[in-house]
Structures are given as C-alpha cells and as structure tokens.
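A structural walkthrough
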Amino acid sequence: MTTDIWAWVHDAHRQLTESGHHRLAEAVYELPGHANEGRNDQLDAVFPEALAASRALGLPWVEVYLRHWRMQNLLNRRHQGEKALPEAVDLLEFAHREETAGCPQSVCVVQDLAICYARVDGPGFVTQRLEVLDETLARIEPGRACFDCLSREYSDALEDGGRPVEALSHLDTAAARIQAAGGRLSLHFHHRRASALHLLGRHQEVLEVLDTAERTERARGRELEESDVRWGALLRARAFASLGRTEEALVLLPSLADAERHVDLRQMWTGTIEILAASGAWENDGELGAALAGWVGYLDGTGSHRPCVDLLLAAGRLALARGARTVALTLADTGARKLGQLQSTAGVAEEVAALRAAAEALPRPELPVPPGELLAHLAGAEASYETVADLLSVALDGYRGERAGASELVWALSGVLTSLGHARAAADLLWEQLDADPGDQRLALGLGSTLIEAGDGEGVRRLADRLAAAGKVPDAHWTRARWAAAEGRWAEVLEQCEAALAVAPERINTRRLAATAATRLGDHATAQRLYLELLEHALPAEGTPEEERHRTVQEPDLWHLITAATANRDWAVVRSTGALIGIEFDEPEGPVEEEWQLIALRATRTNGAPTDLPALRTGPATARVLPVLGDDLTLNHGDTVVFSPALLEQPPAEDAPEEERRRWRPVFELLTLLDPAGYTTYWIDGGWPGDESWAALREGLHAAEHAVWVYSGDQYRITDPAAGDGETLPGVYAALGVPPTVSAAEADALLHRLTGGWPHPLAWPALAEAAGADLARHEEIVERYGL
C-alpha cells in the first residue's frame, strides 16, 4: 500500500473545489485541525453536513476520511470508549469493503479501533490490539506516516501489558525502519518514547528526548501546535516531579483549568499531582477531589472503563491522604461497579479492594450533637464539604432500618456528594430513600436533577416512568423535559412541557422551559404565547412567600417576552413590556429603530466557529450589523437582527485598567435575522493609498450607499513591482458591500472613478467578473503586486 494520504487529500480538495462543492472541500481541509486541536463544537457543526455530502456524491474514500478524523477526536480529545466502539467497528468494516479498501485512510481506521479498545480496557484487550496492529504493520511501508502512528499504538499496547522494555525496543526498531525508508519521526512518536522511558524510571532521558524532538521540529520550520505545547509541558512536568525537581515541575504543569478544558491531559495530570502532593508541593484539598470525581464521572459516562478505574484509584489514594472517608468509600463503590465492565480485572480488582479496606480503616468522626440536631448544627458551622459528608454519613447510619425518617439527612448528604462531584452516588442514595419514602415529592424531583447531573439517562427514564405510574403525570413530563434539555433535544423538550402544562397549567418553570425550547427551535410565535401565558398564571409579587417566589414574574421573563415579540414584529407588546422594566422609547408606537450603543453579536460561522460581530444596538433586542461579511456567515452589513439580551460576558471590574474598561463592549447571542439589507460582498485588494485617500474612498462609497470594511492590518504587505530585492508596500484587503439597488457594473464603475488616480491600483476580480468587465486588468494587478 503506497498511496500518500496527504497527496490524496490535496487532490480530493482540488477536485471538489473545481466541481463546485466548496463546503465539502473546506471540510476535508478543516476537519483534521478541529479533531486534533479539540475544537469539538466546530467539528460537530461541520461533520454531519460533510458526511451527508460525501454520501450524496458517492465518494466512499472521502467518507472514510471524514469518519476517521471524527473518530480521532472522539477517542483522543473526548476519551470516548464503549460509547464510540460501535462506530469504530462499523467504520473498520466500511473501510475494508471493495470500494474503500484502496483508500489510504483505511489503514488509519485500524488505529482507531486499537485506540478504542485501549479506552475501553487497554490491559484487557492487549492481545487483540497487538494482533490487529501486527497484521496491518506487515502490509504497509515504513516510509508512510501510518507506520509511525501504528507503531506508537503497538508500543502503547505493550505498555498496557506491563512490558515497557519491549515497548521501547519496538519503538527503536520502528524508528530505524522509518528513517531507513526516508521517513521522519513525528513529534508524537517521541512522546510515546517518553512514555516508555517514564515507566522504566528513566526520567532524565525523558527530558532529553523531548528537547531533541522539539528542536528537530523547529529546525524543519514547523511551529508546534497548541496541543503539542501543552502535552510537552505536561510530559516535562511529570519527569521533573519524578526527579524531585518540584519547582520546575510546577512552572510547566498545566493548570487545573487547562485539565478541565482538555480531557486528554487529565490522566497524566492527575498522576503528576499525586507525586507533587506526596512531597507537599501541591495542596491536596477538597477542590482537587471534586475535580477528579467529576473527571471520573465523565469517563464513566463515555464508557472509557479502564481509564475511569485508573483515575478513581488515584483520586481514592488522594482522598485517603486527606482523611476523606466518605469520598474514598464512594470511589471504592464506583470502582467495584466498574470492575464488572472490564475485560480483565487482574491486579486492578485487588487495588479497588485495598482502597475500600483503607477507607474503612479511616477513623469515623464523632458527632458533635445528636443525629436529629446535626443539620441545625452544621448550618452555623464552618466545615469542608468532605468533613460534612463524613458527619452526615455517621448520622445517617443511626437511621438504618428507619430510613423513612431520614429524608432530611439524605437530602443534605446527596447535595454534598453532588457538590463533591459524586452525582451518581448521590442519586443512588436518593433512590434508596425514595423507596423508603415514596410520597416525598421533593426527593423525587431532587433525584431527577441529580440523575441529570450524573448523565444517567436510563435512571431518568426509570424515574419518569415511576412518577407516571404513581399518577404524578406533570412531574413525569417535567423530568423527561429537563433531560431532553440537557441533551439539547428542544423539540422533545417542548412536547413534554406542553403535555405537562395541559395537566397542570399553573406550573411556571415548566412554561419557562417550554418557551426556551420554542426559542431554540426558532418558533418565536410559540415562545411569545408561552411568556404571555406565564404573565397570566404567575402569582402576584406581593404576599408570595419566599419558597414560591419562582412562581412570580421575574425581570428575565419580561426580557424574554420582549425578545420573542421583537422576532414576531409585535411592537405593541415590545413597548408595553419594555415600559414594565423602565425602558423609555423615543416614539410611542411603531417599530423600534433607535441608536442605543455599540455591542458585539456572538454568531456562528458556517464551519461552526464562533465569532463576535460589531453591531449597533437599535432597540431592546435588535441590532444592525456593521461589518461587510464574507460567505462564511449568513449575515451582512446593514442586516437587522434579533439577539438575546442576556450578557454573555461580564464587564471588567471597576479596578480594571481604564483602557480595558473603555474598549469593552457587551456581547449578546444572535438569535435570528429580522430585516435583511440585501448587500452583496466583493473583495478588493491592493496597495494602501494613505489615510487621506482611503477616507475619501470611504466617504464616496458611503455617499453612494455602499459599505467597506478593512480586514488587513499593518502587517499586510504586498510586492512593490517598481523595486527589486523583495521590497514591499503596505497593502489593504477589504470587503465592499454593494446595496441591492446597485448593479455590479455600476459598483465596478464607481470603484474605477474613486480610485482611478491612485499610484497603486486596487484589484476586484470577482466584482469585475460579475459586472462583465475586462478581467485581464485585475489579473495583471494580482500578478504584478503578488496579491
């Protein structure tokens, strides 16, 4: 197998572009970057459309390519295991059909399956991983990039099998074969070598390998990706910590926030923290424990079973060191459950048992007051969540056999466990109590919230069915609606809320969630109806007790009503509702079209990337887009849009630097287009004429109702054709907005008139082509100035 994958990618991109399939061509180039750098939202936005296009066009090789890179993201950046296994198996089968067997990416799909097995249970699937990798490595040339990737996976499998010496030897042999074939070792190859050296205790060599590898990369003219920089820093931090050089480790160690953002860092980060905490260089506190517990829950949910167990054992050891008895026991319970999902429990079952034994051996705290008085005592005491959990657990033990009277303690302990990251354990506790006290509605609703926090969809369904069978139909629908909302299934949210409201129309939070779902679905008429009904059913603010305040009208309800009414052009409701929150309008009736303030609109590009657009706020929930935009956005200059008036970013603090406070603009989420202005974008490029000439151009264009927006900065330089030796001129790259009342020919003539006397001409080939003008002039400018 000799096809070069990247040569094929470039060729596929060219063919797709030439045949007019630009979005798919862009996806072919962009998907690997999204996958490798963990741009999950962008990948999720691009992938479904690209996959559908590849299938519609009958391009099975492109389909293999797209699915492989998505799988790389699911496995390496999201650490999915059993959750991704069906797709990994299906993709392997698809990639080895007659029509796809020759695809160069079909080899990489073998790597996907090997990684997926490692996520599910690396040590348990060592034999299977080595067999599939052996077979594939035997049929590809060492000079191919795939040989590097698969050799790394082979070494990883050997490490999981407790054979680090063989892993290192395999990498040495593979490196020699790759280099003999004229290939280059990837940076990730050296990272895998560092892993084997770490297991062998050769930490100084780890540092040397990393330094040499990164110098080599830079000598090739390749800047390291952000993910490579993070990973290299973490590998070094672990090596320094293992050498006892804690200060150097702490300088390089990615922050807890970094590990929260990047799932792939968490396992090694935790191992490094264990070393640092043991030497007193890192504070082993409840905040750390809560973070680790959350990561354990995440891996549990993705079916990454063995990494989940490894992580919970590390979290358990740290909990034992803190004396956090309840947390350690909870982790041991999770470990015992996870053992049943492993292919092999050799060694790890003993570690889980040892964790439980050590946790049970920790001293149980003495209660400062009788169990029935503990909650009142804790309300006025200062104690950590882990200490509170231990005290509540001891108090609850006093109610064994009499659980019906322990609901308050259970409620409190479940809340503390959830705060500590153990939502699933909290849910188990609430289930047990609900069985003892089935009539407690608060327990049932609290259990629903906890199950959603734990990501336990099966538990949510079980609870909803139980509530429905008990005649609590509105609660059953509410529970299903909240779970659907957590997963972004807005049509189902609206359906479940409407069903609940049909039985219990007085439920205000249900109506709020229904209106949110309608807004997400773009059904602003339904959202407005629901908010108006909310006003009718809400309790009066005066005289409503605190525990019922959620059933009164809140100011955000009024803002949401204004937003929905704006989208529906119901200006009377916009004005009357605005008056309730103190908005004074310039005019008493009609559309709201005023000039309030400069803001930023958070929009989404066609590739899924978020972007903030400058805009002029024209009303409570409307704004006019200012820049001239390209075709990667569905908006353009002058468009009036509706936005959600909730701030996405808080303003700078009062003591922030004056420049920061001056530059700050409120950022709002774009909801929908209200009135399109109809501008068409054409790009202009060429030499910068100077501030005075550019200002004259801008004024001339604005007088003709055109718009222009500069995208280049001071760093943009173009070739100076009158000088030699690579001399350059300052350039300008800008977007021209042509109004719908003006033809392309008229815009072309206007630009000629306004720029005709400039020393360096501008080029606008797309506009010239649309105008039917001579393209040769523009092509000559592009060539002469190196545009």
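The text that follows walks through the structure, step by step, so that each part is easy to find. Remember, it's a predicted structure, so these values are computed and weren't measured experimentally.

Rules and cut-offs
Residues numbered from 1 in each chain as written. Predicted model: local features only at pLDDT ≥ 70, side-chain atom pairs only at ≥ 80, totals over all residues. Heavy atoms only, no water. Helix = DSSP H or I, 4+ residues; strand = E, 2+ residues; numbered from the N terminus. Buried < 20%, exposed > 50% of the residue type's maximum accessible area, 1.4 Å probe, protein only. Contact = heavy atoms within 4.5 Å. Areas by Shrake-Rupley, 256 points an atom, 1.4 Å probe, with all protein chains shown as cover. Lys, Arg positive; Asp, Glu negative; His and termini not counted. Charge placed at Lys NZ, Arg CZ, Asp CG, Glu CD. Salt bridge = Lys/Arg side-chain N within 4 Å of Asp/Glu carboxyl O. Pairing = 2+ DSSP bridges. Axes fitted to C-alpha atoms, helices over the stretch in contact; angles between N-to-C directions. Expected span 1.5 Å × (residues − 1).

Attention now goes to the overall build of the chain. Assigned secondary structure in the chain consists of 36 helices and 10 strands. For the chain, the spread of C-alpha atoms along the principal axes amounts to about 90 × 80 × 55 Å. Evaluated residue by residue, the chain yields a buried proportion of 49% over its 787 residues. Taking the contacts inside the chain whose residues are at least 6 apart along the sequence as the reference set, 60% of them involve residues at least 24 apart. Per element, the accessible surface of the chain, about 35800 Å² overall, is 50% carbon and sulfur. Measuring between centres, the 72 positive side-chain charges of the chain sit 4 Å from its 121 negative side-chain charges.

So, on to the pattern of salt bridges. One pass over the full model with this rule turns up 56 salt bridges. For the salt bridge of Glu135 with Arg139, the shortest nitrogen-to-oxygen distance reads 3.2 Å. For Glu135, a relative accessible area of 45% translates into the label partly exposed. With a closest N to O distance of 2.8 Å, Arg466 and Asp435 form a salt bridge. Residue Arg466 is found in helix α25 (residues 457-469), and its partner Asp435 is found in helix α23 (residues 423-436); the two are separated by 31 residues along the sequence. For Arg466, a relative accessible area of 29% corresponds to the partly exposed category. Taken together, the shared-partner salt bridges in this structure form one network comprising Arg55, Glu63, Arg67, Glu87 and Asp90.

Moving on: the sheet that holds strand β4 (residues 640-644). Read once around its circumference, the closed barrel built from five strands follows the order β1-β2-β3-β4-β5, with strand pairing classed as mixed. Along the sheet, successive strands turn relative to each other by an average axial angle of 55°, direction set aside. Direction of pairing for strand β2 (residues 610-617) relative to strand β3 (residues 622-625): antiparallel, over a ladder of three bridges. Note on β3: the bridge partner recorded for Leu616 is Arg624.

Here we come to helix α8 (residues 145-160). Here α8 spans 23 Å end to end across 16 residues, near enough to the 22 Å set by a 1.5 Å rise per residue. Of all 16 residues that make up α8, 13 are buried, and the element is covered over most of its length. One or two residues past the end of α8 sits Gly162, with phi positive at roughly 75°.

One non-glycine residue, Arg569, lies in the positive phi region at around 60°. Within the fold, Arg569 resides in the loop between α30 (555-567) and α31 (571-580). The backbone phi angle of Glu705 is positive, close to 65°, even though this residue is not glycine. Looking at where Glu705 falls in the secondary structure, it is placed in the loop between α33 (691-703) and β7 (707-710).

Moving on, we get to the pairing of strand β6 (residues 680-687). Counting buried positions along β6 yields six of eight residues, so the element is predominantly enclosed. Bridge count for β6 against strand β9 (residues 728-738) is eight bridges, and the pairing is antiparallel. If you follow Gly687 over to β9, its bridge partner there is Gly731. For β6 and strand β10 (residues 762-763), the ladder comprises two bridges, and the chain directions are antiparallel. Pairing of Gly686 across the sheet is with Leu762, part of β10.

Keep in mind that these numbers describe shape and distance, not what the molecule does.
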